[in-house]
Amino acid sequence: MKSIFIDCSLGISGDMLASALFDLGVPNSIFLNNLVSLNIDKNYKLKFNEGDSEGIKGIVCAKNEIQFKELSRSLNQIKNLLLDSRLNDYVKKMSIKVFEILAEAEAVVHGNQISDVHFHELGSMDSILDIVNVCSAIDFLKPDKIYVSNPPSGKGIVSTSHGHLPVPVPTVLEIARQNKIPLTVLDDKYFGEITTPTGIALIATFIDNFGQPDNINIQKIGIGLGNKNISRPNFLRVLLLDEDDDYIENNKPSYETIILQEAWIDDSTPEDVAVLIDRLRSTGAIDVICYSVDMKKNRKGICIKAIVYPKNKNSLREVWFNYSTTIGIRENKISRWILPRRTVSHITKFGEVNIKQVMRPNGKNSIKIEHKDLTRISLNTGISIQEIRQRLIIELSEFYKLDDWSF
């Protein structure tokens with residue numbers, strides 16, 4: 001599985017991200033085609049040059065300075081500009097999404113309706129091109145997942161079309177709030193903006209997970225340099241990763257990280273707990289267990305534990321807090337090794353049954369017949385479950401042989 005990790009711990013802007021993606025291997029033609037697709041003045045030049053920032057080598061985006069008739073643009077004007085262009089549908093869609101995120105934040109900051117928002121610096125052709133360049137680069141790479149580190153807040157004061165504003169500027173803060181993007185406070189001597197509105201809007205558009213994946217195989221690294229000289233390295237890096245589907249290889253066990261959620265409850269009935277467990281399972285829990293515990297004041301309580309894939313952890317939190325009496329849950333990352341397995345249907349003399357087949361490290365494999373199918377057959381035939389299981393195992397002995405596995 002191909003993923004990318006955007007490490008923006010020192011800052012992020014649109015041109016830095018585009019430069020890093022170029023360095024990662026996105027062809028220059030992708031970016032040059034955007035100039036044509038957007039019908040930008042032929043005298044406008046876009047180049048990615050090698051450079052360094054305080055000894056760190058990378059790529060810096062250089063644009064020649066020509067005078068555009070830069071007027072403030074509304075969201076609808078930018079949408080029409082993009083929709084009327086020759087960009088492909090994906091790049092149009094994602095570029096518009098970035099500007100919608102910016103517009104939603106600007107509307108809150110200025111107390112306007114989204115339709116009344118007018119972009120000044122953010123509506124310039126430079127900003128539009130930065131956003132389109134990143135969207136087209138992501139389209140070229142087609143990663144399965146995008147991980148992003150927490151962007152830094154920055155500090156100080158900057159000059160904008162609205163006058164002097166504190167850093168992080170209001171739009172950056174509002175995008176972070178609306179999209180639940182945690183900002184980090186960098187121990188930095190530089191006073192100024194290091195996470196731009198464009199940069200954080202791109203994060204909000206493409207992010208799948210915050211933080212780097214637990215197990216990574218780095219294929220390539222792209223370094224994008226900022227244009228500011230801030231007396232420290234000023235760069236962003238993008239890592240192209242092969243997550244190896246957690247090392248699934250024939251009969252080898254695979255390693256993965258999952259989430260354990262846990263709560264101790266002493267003020268719910270057994271009936272209520274049963275409903276909660278059903279909700280947790282139906283919402284995506286891999287499994288749920290419960291057992292009795294002695295709690296404070298010698299109260300008998302129930303410990304409920306759910307294991308869940310990281311992508312479903314937020315949904316399960318909603319279940320805990322909306323459908324149980326708990327006012328808090330414990331949550332930890334845990335690791336596990338699992339054997340390759342699959343569940344398939346097989347036609348037998350008793351009809352169709354579902355079978356879980358597992359491959360062992362020694363090359364052998366085992367099967368387990370779904371108990372609900374054994375129960376159904378027993379009720380229909382009057383034969384004991386034990387006898388049905390024995391007959392099916394004999395009949396399915398040929399099924400032990402491996403064929404085309406899919407996980």
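So, how was this worked out
- Residues numbered from 1 in each chain as written.
- Predicted model: local features only at pLDDT ≥ 70, side-chain atom pairs only at ≥ 80, totals over all residues.
- Heavy atoms only, no water.
- Pairing = 2+ DSSP bridges.
- Helix = DSSP H or I, 4+ residues; strand = E, 2+ residues; numbered from the N terminus.
- Axes fitted to C-alpha atoms, helices over the stretch in contact; angles between N-to-C directions.
- Parallel < 35°, antiparallel > 145°, perpendicular 65-115°, else oblique.
- Left-handed = near helix turned anticlockwise from the far one by under 90°.
- Contact = heavy atoms within 4.5 Å.
- Nonpolar A, V, L, I, M, F, W, Y, C, P; charged D, E, K, R; others polar.
- Salt bridge = Lys/Arg side-chain N within 4 Å of Asp/Glu carboxyl O.
- Buried < 20%, exposed > 50% of the residue type's maximum accessible area, 1.4 Å probe, protein only.

Peer 1: What's the story with the sheet that holds strand E12 (residues 254-265) in this structure? I'm lost.
Peer 2: By definition, the strands of a sheet pair up through backbone hydrogen bonds, in either a parallel or an antiparallel sense. Read from one edge to the other, the open sheet built from four strands follows the order E13-E14-E12-E15, with strand pairing classed as antiparallel. For this open sheet the edge positions go to strand E13 (285-294) and strand E15 (330-338), each flanked by a neighbour on one side alone. Ignoring strand direction, the axes of neighbouring strands in this sheet form an average angle of 25°. Sheet analysis places E12 next to strand E14 (residues 300-308), joined by seven bridges and oriented antiparallel. Note on E14: the bridge partner recorded for leucine 260 is isoleucine 307.

Peer 1: Please clarify how the packing of helix H2 (residues 28-37) against helix H5 (residues 125-141) should be interpreted in this entry.
Peer 2: When two helices pack together, their arrangement is given by the angle between the helix axes and by the axis-to-axis distance. In the contact formed by H2 and H5, the axes pass within 9 Å of each other and the chain directions differ by 135°. Comparing their axes, H5 and H2 come out oblique. Handedness of the crossing formed by H2 with H5: right-handed. Contact with H2, carried on its side by Ile30, Phe31, Asn34 and Leu35, involves Leu129, Val132, Asn133, Ser136, Ala137 and Phe140 of H5 and no other residues of that element. The residue makeup of the contact of H2 with H5, split by class, is seven nonpolar, three polar and no charged.

Peer 1: Honestly, the pattern of salt bridges in this entry has me stumped. Any pointers?
Peer 2: Two side chains carrying opposite charge are able to pair once their charged atoms lie near each other. Tallying each qualifying case throughout the model produces 14 salt bridges. In this structure, the salt-bridge partner of glutamate 174 is arginine 177, at a minimum N-O distance of 2.5 Å. Taken together, the residues span about one helical turn, with glutamate 174 and arginine 177 both in helix H6 (residues 170-178) at a distance of three residues. For glutamate 174, a relative accessible area of 10% puts it in the buried group. Aspartate 287 is paired through a salt bridge with arginine 281; the nearest N and O atoms lie 3.5 Å apart. Taking the relative accessible area as the measure of exposure, arginine 281 reaches 40% and is therefore partly exposed.

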